[in-house]
Amino acid sequence: MNKNLNSVKISGIRKFYNEVQKVDGAISLTLGQPDFKLPVSIEEGLINAIKENKTTYTSNLGIVELREEISNYLLNKDISYEADEICITVGGSEALFNIFTALLNKGEKVLIPTPAYPAYESIVTILGGTVVNYSLDDEFKIDVEDIKRKIKDMNIKYLVLSLPSNPTGAILSKEEKEQLVELIKENDILVITDEIYESLCYDKYYSVAQCRDIKDKVIYVGGFSKMFSMTGLRIGYYACSQALMNEIIKIHQYNVSCAPSICQWAVYNGLKYGLKDVSHMKEVFNNRKELVVNKLKDMGLDVVIPKGAFYVFPSIKKFNIPSEEFALRLLYEEKVACVPGTAFGIGGEGYLRISYCYSDEELIEALKRIEKFINKI
Ligand code: PMP
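With an unreviewed UniProt entry as reference, the protein is termed Aminotransferase, source organism Clostridium saudiense. If you open the UniProt record of the protein and go to Sequence similarities (unreviewed entry), you find "Belongs to the class-I pyridoxal-phosphate-dependent aminotransferase family."

As structure tokens, this is what we get:
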């Protein structure tokens, strides 16, 4: 076996989700998966692609029609990539794996935020790279000074940005963007910016990928699992300069050849005709966010108001119970499942991730149970 796997654990999110199945009547707020039906545009795109026999391999990069649509979509966000600077992948997950596989040599260090989506640390570890965490402040904002120091002192070449954030819901502010762009210009680093939740920004959207001067130092990762409520159809992408693309594509080619053809056509149709569904879902999520945040505040919990994605990450530090124990007790005593913050790395200790991809009824009932639990402990 690959010895690196000894240091890799099964995702704590999945582990907890499986635990929920054992508890009768439990309400689960664990999954990062929109609860909306597939938009009609995606459904029609899929069905038509099957009927038209569009079921063969596509080019490695993916169908040009979709890459052109993505290029236009990004341009509306002030991000500029040509169609041949975009590669369609099997979810954002494959994009991340390809990128790190192409970049990393044994022992090379990667700066990763904590708490963060657990795949970054696991992928880097599997590939024999070294994870170096950077801190977030009490509002889950990036500590740019900490990053600067670590790049200099530890000879680090790669930086992961992950905003809007899973699990904190933080987004990039204008000031942070400007500071990061300066930092990227001044240092010999390559940035992987995972923006899979970009379509779920409740405030103005900023990205380092908007700065064209640093285009050759940025790899952008996007995807449609969350945007079009299609997690099982597995379409994501990465975008980067031609020089980087020429290398990363080798991994994608020998990994999967291409993303599923009919799903590529579905997303093409979605980008052309389904953006109003995306706006609708965002509006519903925003209302649910208000509901959950207000209720948690009423209970006396410390909550940073999320500005993106569909998660709230309240602090449970004042109860002096480790996150995992807190989450297990909440599940077994009051039948509500939330993911312990530690599933997102050491920076997640003292927090709980609540996903609000659930109906108002489920959320209201779950919040009642959480209130009962914290009044008891
Ligand atoms: N990045 C982040 C931050 C995520 O939360 C996820 C999935 N939860 C992904 C990437 C990968 O998503 P997918 O492979 O479905 O595109």
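Now that the structure is up, let's keep going.
Trainee: Looking at this model, I keep getting lost on the sheet that holds strand 8 (residues 236-239). Mind explaining?
Mentor: Ordered by their spatial adjacency, seven strands build an open sheet running 2-8-7-6-5-3-4, and the pairing between neighbours is mixed. Both outer strands of the open sheet, strand 2 (86-89) and strand 4 (130-134), are each paired with one neighbouring strand and no more. Each adjacent strand pair in this sheet contributes to an overall mean axis angle of 20°, direction not counted. Its contacts with the sheet place helix 3 (residues 64-75) against strand 2, strand 7 (218-223) and strand 8, and it is angled at close to 115° to strand 2. The strands that helix 8 (residues 242-256) touches are strand 2, strand 6 (190-194), strand 7 and strand 8; relative to strand 2, the one it contacts most, it runs at about 15°.

Trainee: When you look at the packing of aromatic side chains in this model, what are you seeing that I'm missing?
Mentor: Aromatic ring pairs are described here by two measures, namely the spacing of the ring centres and the angle between the planes. If you walk through the whole model with that rule in mind, you get 17 aromatic pairs. Here a set of aromatic residues connected by ring pairs shows up, and it is made of Phe36, Tyr197, Phe285, Phe310, Tyr311 and Tyr356. It is Lys54 that lies over the ring of Trp265; its NZ or CZ is 3.9 Å from the centre.

Trainee: How should the site of the ligand be read in this particular structure?
Mentor: Around the ligand, the structure places Gly91, Gly92, Ser93, Tyr117, Tyr120, Asn166, Asp194, Ile196, Tyr197, Ser225, Lys226 and Arg234. One of the side-chain N or O atoms of Asp194 is found 2.6 Å from a nitrogen atom in the ligand. Here an oxygen atom of the ligand and a side-chain polar atom of Arg234 are 2.7 Å apart. When the ligand is considered free in solution it has 400 Å² of accessible area, and contact with the protein chains removes 92% of it. A total of three residues in the shell around the ligand trace back to one element, the largest contributor, which is helix 4 (residues 91-103). In the shell around the ligand, the residues fall into four nonpolar, five polar and three charged.

Trainee: I would appreciate a short explanation of the pairing of strand 5 (residues 158-162) in the present structure.
Mentor: Each regular strand displays side chains that alternate between the two surfaces of the sheet. By the criterion of burial, strand 5 is predominantly enclosed, with five of the five residues buried. Side chains Tyr158, Val160 and Ser162 project from strand 5 onto one buried face, and the interleaved Leu159 and Leu161 project onto a second face that is buried too. Looking at chain direction, strand 3 (residues 109-113) and strand 5 are connected through two bridges and run parallel. Looking at the pairing, Val110 lines up with Tyr158 of strand 5. Two elements, strand 5 and strand 6, share five bridges in a ladder whose sense is parallel.

Trainee: Sorry if this is basic, but what is going on with the layout of surface pockets here?
Mentor: Using a probe with the size of a water molecule, rolled over the atoms, empty space left in the structure can be pinpointed. Put simply, the second largest pocket is a space of about 250 Å³. In terms of lining residues, the second largest pocket is bounded by 17 residues, among which Lys141, Ala170, Ile171, Ile305 and Lys307 are the most central. Each residue belonging to the lining of the second largest pocket can be placed in one class, and the counts come to eight nonpolar, three polar and six charged. Built from parts of two domains, the lining of the second largest pocket gets at least three residues from each of domain 1 (3-37 + 276-376) and domain 2 (55-273).

Trainee: Would you mind going over the environment of Leu96 with me for this structure?
Mentor: Counting through the fold element by element, Leu96 comes out in helix 4. Residue class for Leu96 comes out buried when judged on its relative accessible area of 3%. For the pair Leu96 and Asp194, spaced 98 residues apart in sequence, the C-alpha separation works out to 8.3 Å. Apart from the residues lying within four places of it in its own chain, the contact partners of Leu96 are Tyr117, Tyr120, Ile123, Ile192, Asp194 and Val221.

Trainee: Would you take a moment to explain the sheet that holds strand 9 (residues 311-312) for this structure?
Mentor: For sheets, the rule is that strands pair by backbone hydrogen bonds, running either parallel or antiparallel. Here three strands make up an open sheet; going across it, the order is 9-12-11 and the pairing antiparallel. The sheet is open, and its two edges are formed by strand 9 and strand 11 (339-340), each paired on a single side. Inspection of the sheet shows strand 11 paired to strand 12 (residues 352-355) by two bridges, in the antiparallel sense. The residue of strand 12 that forms the bridge with Pro340 is Leu352.

Trainee: Can you walk me through the pattern of salt bridges in this structure?
Mentor: Opposite charge on two side chains lets them pair, provided their charged atoms get close. If you walk through the whole model with that rule in mind, you get 21 salt bridges. Among the ionic pairs, Glu52 bridges to Lys54, the shortest N-O distance being 2.9 Å. Glu178 is the salt-bridge partner of Lys174, the closest N and O atoms lying 3.4 Å from each other. Of this pair, Lys174 and Glu178 both sit in helix 7 (residues 174-186), four residues apart, which is roughly one turn of that helix. The exposure class of Lys174 is partly exposed, given its relative accessible area of 41%. Here the residues in one salt-bridge network are Arg329, Glu333, Glu334, Lys372 and Lys376, joined through shared partners.

Conventions used here
- Residues numbered from 1 in each chain as written.
- Predicted model: local features only at pLDDT ≥ 70, side-chain atom pairs only at ≥ 80, totals over all residues.
- Heavy atoms only, no water.
- UniProt positions renumbered as here; feature names shortened; annotations may be inferred.
- Pairing = 2+ DSSP bridges.
- Helix = DSSP H or I, 4+ residues; strand = E, 2+ residues; numbered from the N terminus.
- Axes fitted to C-alpha atoms, helices over the stretch in contact; angles between N-to-C directions.
- Contact = heavy atoms within 4.5 Å.
- Phe/Tyr/Trp six-rings, centres within 6.5 Å; stacked < 30°, edge-to-face > 60°.
- Lys NZ or Arg CZ within 6 Å of the ring centre and 35° of its normal.
- Near = heavy atom within 4 Å.
- Polar contact = N/O pair within 3.5 Å; in protein donor to acceptor, adjacent residues only side chain to side chain.
- Areas by Shrake-Rupley, 256 points an atom, 1.4 Å probe, with all protein chains shown as cover.
- Nonpolar A, V, L, I, M, F, W, Y, C, P; charged D, E, K, R; others polar.
- Buried < 20%, exposed > 50% of the residue type's maximum accessible area, 1.4 Å probe, protein only.
- 1 Å grid on protein atoms, 1.4 Å probe; cavity = no way out; pocket = protein on both sides within 12 Å on 5 of 7 lines; lining within 4 Å.
- Points joined across faces, edges and corners; volume = space filled by probe spheres on them.
- Domains from an automatic or database assignment.
- Salt bridge = Lys/Arg side-chain N within 4 Å of Asp/Glu carboxyl O.

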